[in-house]
Amino acid sequence: LWDVWTRKQQHQNLPWLPKGDDLKTLSSEPFLFYVDGKGQYVGESHAGDYFDTARFGYAYEPGFGEDVINPPHLTAQAAQPPVALMASIQANSATVGIPPASIQKHLETKTKPTLFTKITLPRPESTGSMVREFDVIVGAPENVTQVNADSPYYAGTVAFFPPMPSMKEMSMDATFTVPLPKAPQVFANALAASPDKSAPANLSIRVVAAHGRRRTAPALKSLSVHAL
């Protein structure tokens, strides 16, 4: 990673080392890495000795990360409006009406999901016993309240960092983007309720405490579904 990053910086004529006194301080920083059989550090190494792999007479072959050196030309794209907004909400559960055509495209696309949900939740309160990880369940029967990662109804897990002093000014809400599952049974009931394919298929999406914990999940603030 260091090799790719430094070559990227140099290729684009960007700085890759500090300057002046900062460079001197960094270069002279002790770099205690090698130890002998007695556990004693070997040599008087400094950080400046390891800035460049050329010192050791080797180089990496092109591989992962090389596209960073010569990044492809990217064209800005306008943000796509959601294909479905939250139709109803009850605590940690929501129902969204998704066009059947969007669901069919999502199921037929083999390589990657084409439907994603954006979920906004309030941050858990700063108590040690508060749950901070939540599973997203999509299209599951009402009696399914917990799932494992191998469940067809499992979309993903979202998590919050514990509270930190530097986070005091952060928003109390957080938004997560989660791809919808691609299992047909996830959408079966929703599509069956829209046989003429003209009305939106109402899909349920729930957020529950992860790892089977019997704790109350936070109430949803907003939820929408977007398509690629």
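One can find the structure itself at the top, above this paragraph.
Source: prediction; values computed, not measured.

**A short note on the packing of aromatic side chains**
The description of two aromatic rings rests on the distance between their centres and on the angle between their planes.
Next up, step 1: Throughout the structure, instances matching the rule amount to five aromatic pairs.
Next up, step 2: Arranged with centres 6.3 Å apart and planes meeting at 80 degrees, the rings of Phe134 and Phe160 form a pair that is edge-to-face. Linking Phe134 in strand β4 (residues 133-138) with Phe160 in the loop between β5 (154-159) and β6 (173-179), this pair joins segments that are 26 residues apart in sequence. Both residues of the pair, Phe134 and Phe160, count as buried.
Next up, step 3: For the ring pair Phe160 and Phe176, a centre distance of 5.3 Å and an interplane angle of 85 degrees mean the geometry is edge-to-face. Separated by 16 residues along the polypeptide, Phe160 in the loop between β5 and β6 and Phe176 in strand β6 bring together distant segments of the chain.
Next up, step 4: Under the relative-accessibility criterion, Phe176 is labelled buried at 17%.
Next up, step 5: Among the aromatic residues, those joined into a ring-pair cluster are Trp2, Trp5 and Trp16.

**Here we look at unusual backbone geometry**
Leaving glycine aside, a negative phi is the common case for residues, and trans is the common case for peptide bonds.
Next up, step 1: For Asn13, which is not glycine, the phi dihedral falls at a positive 55 degrees.
Next up, step 2: Residue position: Asn13 is located in the loop between α1 (2-11) and α2 (20-27).
Next up, step 3: The backbone of Ala91 sits at a positive phi, close to 60 degrees, despite the residue not being glycine.
Next up, step 4: Examined against the element boundaries, Ala91 turns out to sit in the loop between β1 (84-90) and β2 (93-98).
Next up, step 5: Of the residues examined, Ala91 reaches a relative accessible area of 48% and is grouped as partly exposed.

**Looking at a nonpolar patch on the surface**
Next up, step 1: Together, Phe31, Phe33, Tyr34, Val42, Phe56, Tyr58 and Tyr60 give the surface a local cluster of nonpolar side chains, amounting to about 720 Å² of exposed area.
Next up, step 2: Among the structural elements, Val42 can be located in the loop between α2 and β1.

**A look at the side chain of Gln9**
Next up, step 1: Considering the arrangement of structural elements, one finds Gln9 in helix α1.
Next up, step 2: Owing to a relative accessible area of 7%, Gln9 belongs among the buried residues under this scheme.
Next up, step 3: In contact with Gln9, not counting residues within four places along its chain, are Leu14, Pro15 and Trp16.

Each value, and the rule that gives it
Residues numbered from 1 in each chain as written. Predicted model: local features only at pLDDT ≥ 70, side-chain atom pairs only at ≥ 80, totals over all residues. Heavy atoms only, no water. Phe/Tyr/Trp six-rings, centres within 6.5 Å; stacked < 30°, edge-to-face > 60°. Helix = DSSP H or I, 4+ residues; strand = E, 2+ residues; numbered from the N terminus. Buried < 20%, exposed > 50% of the residue type's maximum accessible area, 1.4 Å probe, protein only. Patch = residues over 30% accessible without salt bridge, like charges linked within 9 Å, V, L, I, M, F, W, Y side chains within 5 Å. Areas by Shrake-Rupley, 256 points an atom, 1.4 Å probe, with all protein chains shown as cover. Salt bridge = Lys/Arg side-chain N within 4 Å of Asp/Glu carboxyl O. Contact = heavy atoms within 4.5 Å.

Read these as geometric descriptors, not functional statements.
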